[in-house]
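# Observations on the three-dimensional arrangement
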Amino acid sequence: MPPALPALDAVAALAALRGPGFAHVPRAFAPADIATLTASVMAEYDRLEVLIANEGVDRAAAGLPPGTRYQPAAASLGLDAIPGWRDLLGIVPATLWRLAPELLGGECAIDVDISWARRQYPPHLRRAGQAPHMLHQDGAYGATFAPGSTLMPMLVFWIPLTEAGIERPGIECILEPQPELVPLAALADAAAEVRWPTAKRLRPSMAPGGVLLIAGPHLHRTHVTADMTGIRTSLEVRVVPLPLSPRLAGHTTMTLPG
Ligand SMILES: [Fe+2]
């Protein structure tokens, strides 16, 4: 049996983040609140999917409002493309936001430029140019991977807006803590399989209303199989310490709600 991730409250989540690096908090949001957030995001995807179907994965950006951030591979829309996104983030309880300064050791903020709505598709629904995320550390953002390159402190709020992990793509987590930047060669499928066999990785089953917290150093990738049937939509909200790392220079930040 693969390892299972226990359902945690905010206090236990902090301990989990300091240990294995992942914490699943189910039913973190009221059903009406997550429904409102989901409706706002899905309305944007209704428009984006038409653009992708008509224009193609890479050319869809031309039909989006000027300034919209779009990443073709995971059908990603910048968080700030969601109408009312600042208020919508208020559904996350203050107890969960407060985990960030406790974990990262000081004042923190949401980095809007690296916060996204994303989609992942099972293989039969995926278009050319779309792809799952390979094994990575979110704290590697902006790293050169040259000698001396380091991880960036970060806490990711991964918010499923659909079921994720069983019928629709989810997240696969490696529970072995990684305090340092892992070289890219070690993340290649064959090398990673030897060091971190997939049978021992965690693939949590998640539902709207829950949140998966991911500490920046910890390895994960998209969990997707050929027999999955549906599209997964989710939000990734990245919280970083202030002052901003030079690797985040010029990014827009938002004060943590609550
Ligand atoms: Fe990630």
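A few points on the structure. Since we're looking at a predicted model, the values are computed, not measured.

## Considering the overall build of the chain
- Secondary structure summary: the chain contains 7 helices and 12 strands in total.
- At 17 Å, the chain has a C-alpha radius of gyration in line with the 18 Å of a compact globule built from 258 residues.
- Viewed in the frame of its principal axes, the chain has a C-alpha envelope of about 45 × 45 × 40 Å.
- When each of the 258 residues of the chain is scored for burial, the buried share is 37%.
- A separation threshold of at least 6 residues defines the contact pool for the chain, and within that pool the share at least 24 residues apart is 83%.

## Quick look at helix α2 (residues 31–55)
- The end-to-end C-alpha distance of α2 is 35 Å, a good match for the 36 Å that 25 residues give at a rise of 1.5 Å each.
- The complete set of buried residues in α2 reads I34, L37, V41, L48 and I52.
- Looking at the buried residues of α2, the elements they touch are β3 (76–78), α3 (85–88), β5 (116–120) and β11 (232–241).
- Directly after α2, the chain includes G56, whose backbone phi takes a positive value near 100 degrees.

## Concerning the pairing of strand β4 (residues 108–111)
- As paired elements, β4 and β11 share 3 bridges and run antiparallel to each other. Among the inter-strand pairings, A109 is bridged to a residue of β11, identified as V240.
- Judged from the 3 bridges that link them, β4 and strand β12 (residues 253–255) form a sheet pairing that is antiparallel. Residue I110 lies in a different strand from β12, and its bridge partner there is M254.

## Notes on the nonpolar core
- Counting residues in each nonpolar core, the largest one holds 59 residues, and the members touching the most others are L155, F157, V211, L213 and V239.
- In this view, L213 contacts A13, L17, F22, A23, V25, L99, L155 and F157; residues no more than four positions away in its chain are not counted.

## Focus: the pairing of β5
- Of all 5 residues in β5, 5 are buried, a share of seventy percent or more.
- Side chains W116, R118 and Q120 of β5 all project onto a buried face; the interleaved residues A117 and R119 project onto the opposite face, where all are buried too.
- Bridge analysis of β3 against β5 gives 2 bridges, and the strand direction is antiparallel. Counterpart to G78 in the pairing with β5 is W116.
- Bridging between β5 and β11 involves 5 bridges; their strand directions are antiparallel. By the bridge assignment, R118 is partnered in β11 with S234.

## Here we look at the sheet that holds strand β8 (residues 170–173)
- The strand order β6-β10-β8 describes an open sheet built from 3 strands, whose pairing is antiparallel. Both outer strands of the open sheet, β6 (136–137) and β8, are each paired with one neighbouring strand and no more.
- Strand direction decides the pairing type here: β8 and strand β10 (residues 219–223), joined by 4 bridges, are antiparallel. The residue of β10 that forms the bridge with C173 is H220.

## Considerations on the environment of Y45
- Tracing the backbone through its elements, the reader meets Y45 in helix α2.
- Once the C-alpha coordinates of Y45 and T233 are considered, the two residues, 188 residues apart in sequence, prove to be 9.0 Å apart.
- Among all residues touching Y45, those that are not within four sequence positions of it are R119 and T233.

## A word on unusual backbone geometry
- Here the bond from L242 into P243 is cis, since omega is -5 degrees, no more than 30 degrees from zero.
- Mapped onto the elements of the fold, P243 is located in the loop between β11 and β12.
- Even without being a glycine, R27 presents a positive backbone phi close to 50 degrees.
- In this model, F145 sits at a positive phi of 65 degrees, which is unusual for a non-glycine residue.
- Note on F145: 11 C-beta atoms within 10 Å, which makes it exposed.

Cut-offs applied
Residues numbered from 1 in each chain as written. Predicted model: local features only at pLDDT ≥ 70, side-chain atom pairs only at ≥ 80, totals over all residues. Helix = DSSP H or I, 4+ residues; strand = E, 2+ residues; numbered from the N terminus. Rg over C-alpha atoms; globule rule 2.2 N^0.38 Å. Buried ≥ 20, exposed ≤ 12 C-beta atoms within 10 Å, placed from the backbone. Contact = placed C-beta atoms within 7 Å. Expected span 1.5 Å × (residues − 1). Pairing = 2+ DSSP bridges. Core = buried A, V, L, I, M, F, W, Y, C linked by C-beta atoms within 7 Å.

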